[in-house]
Amino acid sequence: MPACKKTQDHAAHKPDPPITPEVWEHIFSLAEEGQTLRQISTGAGMPTWEHMRASLRASPALASRYARARVLAAEAFEDRLLQEVHSINGEDTAAMRLRIDTLKWIMSKRAPARYGEKAGNEPQPDPTTQPDGRPRTIRRVIVDPAARGARGA
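Residues numbered from 1 in each chain as written. Predicted model: local features only at pLDDT ≥ 70, side-chain atom pairs only at ≥ 80, totals over all residues. Heavy atoms only, no water.

Peer 1: Would you mind showing me how to read the packing of aromatic side chains here?
Peer 2: Both the distance between ring centres and the angle between the ring planes are used here to describe each pair of aromatic rings. This model, assessed by the stated rule, comprises one aromatic pair. Seen in terms of ring centroids, Trp24 and Phe28 are 5.4 Å apart; in terms of plane orientation they differ by 25°. Their pairing is stacked. Taken as a pair, Trp24 and Phe28 lie in helix H2 (residues 21-32) at a separation of four residues, close to a single helical turn. A relative accessible area of 6% places Trp24 in the buried class. Residue Phe28 is classed as buried on the basis of its relative accessible area, which comes to 1%. When the ring centre of Trp49 is taken as reference, the NZ or CZ atom of Arg38 above it lies at 3.7 Å. (Phe/Tyr/Trp six-rings, centres within 6.5 Å; stacked < 30°, edge-to-face > 60°. Helix = DSSP H or I, 4+ residues; strand = E, 2+ residues; numbered from the N terminus. Buried < 20%, exposed > 50% of the residue type's maximum accessible area, 1.4 Å probe, protein only. Lys NZ or Arg CZ within 6 Å of the ring centre and 35° of its normal.)

Peer 1: I'm lost on helix H5 (residues 60-86) in this one. Help?
Peer 2: Quick reminder: α-helices carry 3.6 residues per turn. Residues three or four places apart thus point the same way. Helix length check: H5, at 27 residues, gives a terminal C-alpha distance of 39 Å against a target of 39 Å (1.5 Å per residue), a fit within 8%. Among the residues making up H5, those that are buried are Leu62, Tyr66, Ala69, Ala73, Glu78, Leu82 and Val85. Considering only its buried residues, H5 is in contact with H2, helix H3 (37-41), helix H4 (49-58) and helix H6 (93-110). (Expected span 1.5 Å × (residues − 1). Contact = heavy atoms within 4.5 Å.)

Here it is as structure tokens:
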């Protein structure tokens, strides 16, 4: 006999069991390699994406560990990008341009003060207008036509 609807609804809202420290270590290890929480949640025996996110929101210590794992993931992606760029072969100009642009981009992220976009490359504001586009000053000049005619005569 099928279970009643009330029992099914109750089972659907049953809270998730806590994630063990061992599972968190595995999650952080996978995150350091560049996997997202959604990707990790598809693995066998892994908690759901929603459960991991709720746990991270509830625990500053876990959130801090996850943030560090994401920083390491960025380094892993950088290493992978460098490997890909160095694997470009041949004398193809477009491939060489891609290699150089990629290396410049990585340098701008590693040392933005030295290799990032320079402030001089940004358009300078118009000195006659305020930041919101309104004129800085408004001048009103009244011309007396009678006085103008007297000077011209």
